[in-house]
Amino acid sequence: MPRKMLLLLMACCLLLSSCSVDGGLLMDNQERNIDLIVKMDHGDYWSTLRMGAEVAAKEFNVNLRFLAPPNEGDIQGQINLVNDSIQKHPDALLLAASDYMKLAQVTDRAAYNNIPIISIDSEVGSARVKSYIGTNNYEAGQRAAERMIHLLGGSGKIAVMNFVQEARNANQREEGLLDYVARYPNVQILDIAYCQSSREMASAITREWLDTYPDLDGIITLNAEASIGVGRVVKEAGRGGLLKVIAFDSPQETMEMLQDGTVQALVVQNPFNNGYLAVQYAVELIEGRKIADRIDTGIKVIDLENMLWPENQKLLFPFVR
Amino acid sequence: MKHFKRIQFIIAFSFILITVVTVLIVSFMLYNKFSNTAEDNADLNMGQVVEQVKYNLEMYVKNMTSIFDVVEETINRSPSYSSSILEEQLNSIMKTREDLISIAVFTKNGDLVVNIPKMEMRPYTLLQRQSWFNAALETPDQLSVSSPHIQNLFKTSYKWAVSLSKQTTYHRDGLASKGVLVVDMNFKTIDELSRQVVFGKRGYVYIIDSYGNIVYHPQQQLIHAGLKYEDLERVLTYSYGSYQDELNGEQRMITIKSVNPIGWKVIGVAYKDELLTTKSELNTFLLWFLIVVIIFVLLLAIFVSARISSPIQRLARSVKMMGEGHLNTPIPVSGIYEVEQLSRRYHVMLQQIRHLMDQIIVEQEAKRKSELDVLQAQINPHFLYNTLNSVIRLVEKGQSSEAVTAITSLSRFFRISLSKGKNFISVQEELEHIRHYLIIQTIRYKNKFHYTIEAEDEVLHFLTMKLILQPIVENAIVHGIELMADRGMIRISAKVDAGKLLFEIADNGLGMSRDALDQLLKNTPNSAQGSGVGVRNVNQRIQLHYGPDYGIQFESEIEEGTTVRIYLPVEIAQKEGEV
């Protein structure tokens, strides 16, 4: 056996083995880019959702971009954001569509560009969406109506403050509400208004209602901004407690209104979970796992009685620090 | 199958087998030992860290208790709860501690007496339903520590708090009343104590109260939101100790310590795969070690076995060549010691064989030559011519009886010379042969010499090589007697001497010098004067046939004569018919 060849072989082996040991420390958990496009860049609901998403992003090593138009009515703004996002080609897109139909086109386009899309908060009219993560909005609407009718004792006149006309969640809540109210012939819906998720607009409309319908018994609001806008006017007018208000979501101002009696009950979603689960499932989707078509994050009706129950404390005030 | 019997294969295979088995066993033992140690260390380390957190918490609780005592004492001593001095004192206590949210005193009915910082109370506090309030009323002398809860008393942001509460005495205008003192503290310090603690990359500690409410958890929001889960029921059954559980398919090590006196528990959680990274690192290391060792040993084995077997193979090839008749094939003499020795010995042996073969060739040639010589001697024409001349002379002189004797002797002489082609004849025949020769020679040399032939009786039947005496006698006549002035004498005898057959031919002729003697036995060419068969030839024939122990000895003195002794082995002649 030629000795030189042998030595060479040995050297090769040693080299090979040392290389492979170094090579074994590769990171298999690479960073993923996920874009989160919601309806509005402010508001308690959205900031809590964002926090949930960010906690998950940190946990799952995701580079999260939070994008939102300045207000919920800015549908074109949101379409532009989705288009921009398609340009960047993230690994997944999480979309809370402001308009069921108008966002459908751009959603299809994103799907066509092989970007997996998960709908959160409110659905979009595209069959290419992988999953919906959020509140069961129809049920939320029903629960609001149920509580209102209970408070009114089965008869009365109510108004509904919805937020964006073509938003899927707005429509579903309204539908659920109307379907429930329809069972009670003595309950009359005087008006359904859309405040475009603007507190000011909600307040203005409420003032109009108070003037127009002096016999108004209750107002149901269908999102956080609407709730604040309505609550402020009711309190201002000194009608707190006389006029029943069922509000939506739990920003601190609404919590105060609940405690001072302006608002009788809150239909509370789980925005933190919406955000967290959206990112978590997006990661699972990217990793090629199958996820459920619909993931319901639950709702709760909170009133003075149960607001300090330990489990509700945790829901209402998720942030300990 | 032949392949597996090869020495190279056997050595390499056993080498590798032994090494791999040894390395495997050692690796296995090391792995077990190390992983056990790693596990024990991880356990111990975790226990110590959790103990430290527990200790810090106890210190913190003690600290808070003493602050509570100070607050209580301040309120007790104050003559009036509404005095600005009390407010100032309480405010200064508040300022020293970042983790105090509020201090408040309530009447037993739940009405606010005093609170720091000054804030409006919420209208709907459900005070009587709050655990800290009830606990203070139920155990008046004992400090109660509440579960974490949202402090909903005052119109400020909603904060998670732990409430320390106790029944206390306050004074209103000098009158002592009983009330409930509550000090709310946030989780700042507890967070700080716990957040730094990590086990591995993901391991952590969390703290629960005695009812299983989470006081601190690094993922508290997720737990509150129901997105993460801790098996609190199992934790609550322990006050001290550690166990292993499985969460989402991951093995976790749980270590629990209780915080005295408030009954909180510090729970350390470590992920086993992380804690035991050393284990997996060890795994990888051992695997690579094994691979490297095997490769190394493989190469070494191939190398060593080649070093051992290749000289043997070369030697074998040489031997094979040799066996096929290529005697001049070179023998390799390098490699390991044993093979080298073997090669050397073999080499020596081979040389010996070559030498012997050469010798055989030389001897065969010599034998053939001497036989030719004998053949020639049998029909020596010169001798015949001389003898016939002598006979003619006798006849001319009319000495017919002598002529008859001469011709008879010649006839007898040739008859024995030929002996039907036999090479060996009896001593008797040989003596007969020489007697006839001497008769002829006496006639030829005109009685220039006498001769006697003596033999012991037993000797007569011994075998001898034929025609060995005639050249000696011829030599004695030609060199010893012919030139003598006097009448010569030749004595021939045959006897047994020291187990050997001995012919002795003694003359009283001129004798020979030492040089001449030496010449005689060495390389003298056949004497032209002689019968044609030299003395040397006789000696050569004897030694070629019987070996170096036998042959011719000379003894000679100038002017005294020469004695030649021929030694032969004793061989009994076969019966006439068989030879």
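Keep in mind that this is a model prediction, so the values were computed, not measured. (Residues numbered from 1 in each chain as written. Chains lettered and ligands numbered in written order. Predicted model: local features only at pLDDT ≥ 70, side-chain atom pairs only at ≥ 80, totals over all residues. Heavy atoms only, no water.)

Draft legend 1. Inspection of the nonpolar core at higher detail. Counting residues in each nonpolar core, the largest one holds 98 residues, and the members touching the most others are Met161 and Met307 of chain A together with Val71, Ile190 and Trp264 of chain B. Looking at this core element by element, the count peaks at 11 residues for helix α1 (residues 7–77) of chain B. For methionine 307 of chain A, the residues in contact, after removing those within four places along its chain, are Met255, Leu258, Gln259, Ile302, Asn312, Gln313 and Leu316 of chain A together with Asn152 and Tyr158 of chain B. Grouped together as the second largest cluster of nonpolar side chains are 45 residues, Leu460, Leu469, Ile492 and Val564 of chain B included. (Core = buried A, V, L, I, M, F, W, Y, C linked by side-chain atoms within 4.5 Å. Buried < 20%, exposed > 50% of the residue type's maximum accessible area, 1.4 Å probe, protein only. Helix = DSSP H or I, 4+ residues; strand = E, 2+ residues; numbered from the N terminus. Contact = heavy atoms within 4.5 Å.)

Draft legend 2. Summary view of the pattern of salt bridges. For the structure shown, the criterion picks out 34 salt bridges over all chains. A network of salt bridges, in which partner residues are shared, links Glu51, Lys54, Glu58 and Lys257 of chain B. (Salt bridge = Lys/Arg side-chain N within 4 Å of Asp/Glu carboxyl O.)

Draft legend 3. Quick look at the sheet that holds strand β1 (residues 32–37) of chain A. Residues and elements named next belong to chain A. On the basis of which strands lie adjacent, the open sheet formed by six strands has the order β2-β1-β3-β4-β5-β11 and parallel pairing. If you trace the sheet from one side to the other, it starts and ends with β2 (62–67) and β11 (294–296), each paired once. Adjacent strand axes in the sheet meet at a mean angle of 20 degrees when their direction is disregarded. Bridging between β1 and β2 involves six bridges; their strand directions are parallel. Bridging across to β2, aspartate 35 finds its partner in arginine 65. (Pairing = 2+ DSSP bridges. Axes fitted to C-alpha atoms, helices over the stretch in contact; angles between N-to-C directions.)

Draft legend 4. Spotlight on the packing of aromatic side chains. All names here are of chain B. One pass over the structure, following the stated rule, counts 18 aromatic pairs over all chains. On the numbers, 6.3 Å between centres and 40 degrees between planes, the contact of tyrosine 204 with tyrosine 206 is tilted. Each residue in the set Phe383, Phe413, Phe414 and Tyr437 is aromatic and connected to the rest through ring pairs, giving one cluster. Note that arginine 202 overlies the ring of tyrosine 271, its terminal NZ or CZ placed 4.1 Å from the centroid. Between the NZ or CZ atom of lysine 500 and the centre of the ring of tyrosine 567, over which it lies, the distance is 5.6 Å. (Phe/Tyr/Trp six-rings, centres within 6.5 Å; stacked < 30°, edge-to-face > 60°. Lys NZ or Arg CZ within 6 Å of the ring centre and 35° of its normal.)

Draft legend 5. Seen up close, helix α3 (residues 75–88) of chain A. Residue and element names in this part refer to chain A. Along its 14 residues, α3 runs 20 Å from first to last C-alpha, staying within 8% of the 20 Å computed at 1.5 Å per residue. Its buried side turned inward, α3 meets β1, β2, β3 (92–95) and α4 (104–112). One side-chain oxygen of the residue at the start of α3 lies 2.8 Å from the amide nitrogen of glycine 77, identifying that residue as aspartate 74. Positive phi appears at histidine 89, one or two residues downstream of α3, with a value of about 50 degrees. (Expected span 1.5 Å × (residues − 1). Polar contact = N/O pair within 3.5 Å; in protein donor to acceptor, adjacent residues only side chain to side chain.)

Draft legend 6. Focus on the packing of helix α10 (residues 381–397) of chain B against helix α11 (residues 400–418) of chain B. Residue and element names in this part refer to chain B. Put simply, α10 and α11 touch, their axes get as near as 8 Å, and they point 160 degrees apart. Comparing their axes, α11 and α10 come out roughly antiparallel. In this structure, α10 meets α11 at a crossing whose hand is left-handed. Packed against α10, whose contacting residues are Phe383, Leu384, Thr387, Leu388, Val391, Leu394 and Val395, the element α11 presents Glu402, Ala403, Ala406, Ile407, Leu410, Phe413 and Phe414 at the interface. For the contact of α10 with α11, the class distribution of residues is 12 nonpolar, one polar and one charged. (Parallel < 35°, antiparallel > 145°, perpendicular 65-115°, else oblique. Left-handed = near helix turned anticlockwise from the far one by under 90°. Nonpolar A, V, L, I, M, F, W, Y, C, P; charged D, E, K, R; others polar.)

Just distances and angles here, no functional claims.
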